[in-house]
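As a plain string of letters, each chain reads:
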Amino acid sequence: MLRATFRSIHHNGPKVFMSTSVKATTENAANEKKFQHYKNLNALDTTDTQPSDWNEARPFEDLPGPKPTPIVGNLWRFVLPKIGDFYGLDFPDILRRIREQYGDISILKGLLSGRPMVLLFNPKDFETIYRNEGVWPIRVGLPSLDRYREMRKDAMPSFGMPQHQGEEWFKYRSMVNPILMQPRNSLQYADKMNLVADELVDNIKFLVEQNNGQMPKTFTNELHKWSLESIGVVTLDKHLGCLKRNLDKDSETQKLIDCALQLFQLIYKIDILPSMSKFMSTPNWKKLIQVLDFMLQTNLKYINQTLDKLETKKLDEDEKSSVLQKLLKLDRNIAVGMSLDMMIAGIDTTGRVLAGGLYYLSKNPEKQAELRKEAVALLKNKDTPITKETLAKASYLQAVVKEILRLAPIGVGNTRTTPKNVVIGGYQIPKGIDVLTCNLVLCTSDEYFSRGKEFIPERWIPSAPKELSTKNTNPFIFAPFGTGTRGCIGRRLATMELQIAILKIVRNFELEWPHEDMVFETKMFYGIARPLELHVKSVNQ
Ligand code: HEM
């Protein structure tokens, strides 16, 4: 079965695998120079060097934290009703409890992964981690994607940026960075993102008419379709048609949507929950391979179509060409790997943040009205296109998106593995230890953000009253896209996607939340846990 799928990948995309060598472009030469420079500067610490304050620090073994019991470790605390002290709590609440009990640094041992995790709650310690992460920061990847990558490495040598480590990661990332991280490259997608957001607005209009303003239980799927369509425009130069109504259930687009919706549910079941799929080929593991293979096949099909177009006409000048064309000019295998990486990393994330954001706007009608005031001033009509100039002027919108990412990020924090021995919070932390910076706990705490649990976009505006201002807040606390050279490569795209969609939605609709407060939970990612049954009214003009 697997072999058949694998053959069909080759069958569908022979061109992509013809060339494995990186073309010797000027850009590559510059990257190589930079790479050598970093290599000479520093690397993973292969010695056992200790920092100067090592001997004054307390030993690693003294770190406080919930004590694991033999065999079951700390697992019982999470899974056993009544006696498990973390049972039924969501991860941020567990972290808050651990902080109350053990302070700003602690250790969680005896987890399913078998690796202990150091938990940090002091922003100064976050800073120490990032200042010592080296030039090849290590973030442990998802085991199931590692396994898939290993299986398909002949077909996709470059796939898995989030999974790559060390020198291999650095080479890949520094080639792709200039393409994805330059603002002008993201901004060239503003027009296309407008069209995608218009389709989402049309679908919301349709749902308003159909259901008397009540969004259906499946409304979040609409938002995931929006994020898949938005990322397809970038990675495949293609409008996939995900937001079309009445898609045939056997159509390629519908299958791609189904795969996108299942992907992280499967990864959650395999990597996070106790599961035999970690060790053997279970139905969930087989399904995950099918899902990833289908996504890969579809990506290959469209990439090869772009290659055909590129072969028949001269390549555009760098300025004008799309992200996919630029990646293809760099290296065909990188284009394949990166398009799948972006598709995996770009769907659940942006869709989820948009869902959380629409909830916060609907719960806070006066903030929504303030945003609408800005939208009406910037967009004459409900369908006026949003340009990069509009976005630059939309200061309240920028603040709204930041505030959404503060309260509804995709994760409770960021992880790194220490590349060398380091002293953190007065303790010796040896190299090779996983550390979690618990950003969400601090982002929602009154210590760092006044009225921390409230949705107040004004705190991000430079003229904000002193008591609300975030000007003096430690910059390591609010890091929804991570920090440093390993931070999210899609953050510019994602921010623009969110800004355009939110501005259009608020320009067109009034959102209300006539229900109990939404519950948020961590299931792989953090986000809304119940259907987003917004009540929506079209605005008059
Ligand atoms: C609101 C949406 C998004 C959020 C909140 C988000 C957040 C993050 C975070 C927290 C990380 C880890 C950073 C670190 O360890 O310092 C990350 C990594 C990554 N993200 Fe995003 N992301 C979003 C959207 C996207 C999109 C649209 C793409 C694709 C273009 C993308 C591609 C990636 C990739 C490839 C990595 C791995 C980078 C590496 O390991 O070098 N993300 N993202």
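Residues numbered from 1 in each chain as written. Predicted model: local features only at pLDDT ≥ 70, side-chain atom pairs only at ≥ 80, totals over all residues. Heavy atoms only, no water.

Under an unreviewed UniProt entry, the name given to the protein chain is Cytochrome P450 monooxygenase CYP12H4, and the source organism is Tenebrio molitor. The heading Cofactor (unreviewed entry) in the UniProt record of the protein chain holds the text "heme". (UniProt positions renumbered as here; feature names shortened; annotations may be inferred.)

A. The arrangement of the side chain of serine 144 in detail. Note that serine 144 resides in helix α6 (residues 143-151). Looking at serine 144, the relative accessible area reads 1%, which means it is buried. (Helix = DSSP H or I, 4+ residues; strand = E, 2+ residues; numbered from the N terminus. Buried < 20%, exposed > 50% of the residue type's maximum accessible area, 1.4 Å probe, protein only.)

B. Structural context of the sheet that holds strand β1 (residues 105-108). Taken together, the 4 strands give an open sheet; going across it, the order is β1-β2-β6-β3, and neighbouring strands pair in mixed fashion. The open sheet terminates on both sides in strands that have one partner only, identified here as β1 and β3 (414-417). The sheet shows a mean angle of 25° between the axes of neighbouring strands, taken without regard to direction. For β3 and strand β6 (residues 434-437), the ladder comprises 4 bridges, and the chain directions are antiparallel. The partner of threonine 415 across the bridge, within β6, is leucine 436. On top of the sheet, helix α4 (residues 91-102) reaches β1, β2 (117-120) and β6; it is set at about 125° to β1, its chief contact. (Pairing = 2+ DSSP bridges. Axes fitted to C-alpha atoms, helices over the stretch in contact; angles between N-to-C directions. Contact = heavy atoms within 4.5 Å.)

C. Up close: the site of the ligand. Taken together, 26 residues form the shell around the ligand, and within it Arg139, Trp169, Arg173, Arg416 and Cys488 come nearest. Within the side chain of arginine 173, one N or O atom sits 2.8 Å away from an oxygen atom of the ligand. Separating an oxygen atom of the ligand from a side-chain N or O atom of arginine 416 is a distance of 2.7 Å. Counting residues per element, the ones that place at least two in the shell around the ligand are α7 (166-180), α14 (332-346), α15 (348-363), β3 and α20 (491-508). Grouping the amino acids of the shell around the ligand by side-chain chemistry returns 14 nonpolar, 8 polar and 4 charged. (Near = heavy atom within 4 Å. Polar contact = N/O pair within 3.5 Å; in protein donor to acceptor, adjacent residues only side chain to side chain. Nonpolar A, V, L, I, M, F, W, Y, C, P; charged D, E, K, R; others polar.)

D. Fine view of the coordination of the iron atom of the ligand. Looking at the protein side alone, the iron atom of the ligand has one donor only, Cys488 (SG), at 2.3 Å. Tracing the backbone through its elements, the reader meets cysteine 488 in the loop between α19 (439-443) and α20. (Donors = N, O, S within 2.8 Å, 3.2 Å for Na, K, Ca; no water.)

E. How the structure looks around the pattern of salt bridges. Using the criterion set out here, one finds 24 salt bridges in the structure. Arginine 131 is paired through a salt bridge with glutamate 127; the nearest N and O atoms lie 2.9 Å apart. Remark: glutamate 127 and arginine 131 occur in helix α5 (residues 123-131); sequence separation between them is 4 residues, near one turn of the helix. Given a relative accessible area of 60%, arginine 131 falls into the exposed group. For glutamate 127, a relative accessible area of 24% puts it in the partly exposed group. Between arginine 451 and glutamate 454 there is a salt bridge whose closest N-O contact spans 3.0 Å. (Salt bridge = Lys/Arg side-chain N within 4 Å of Asp/Glu carboxyl O.)

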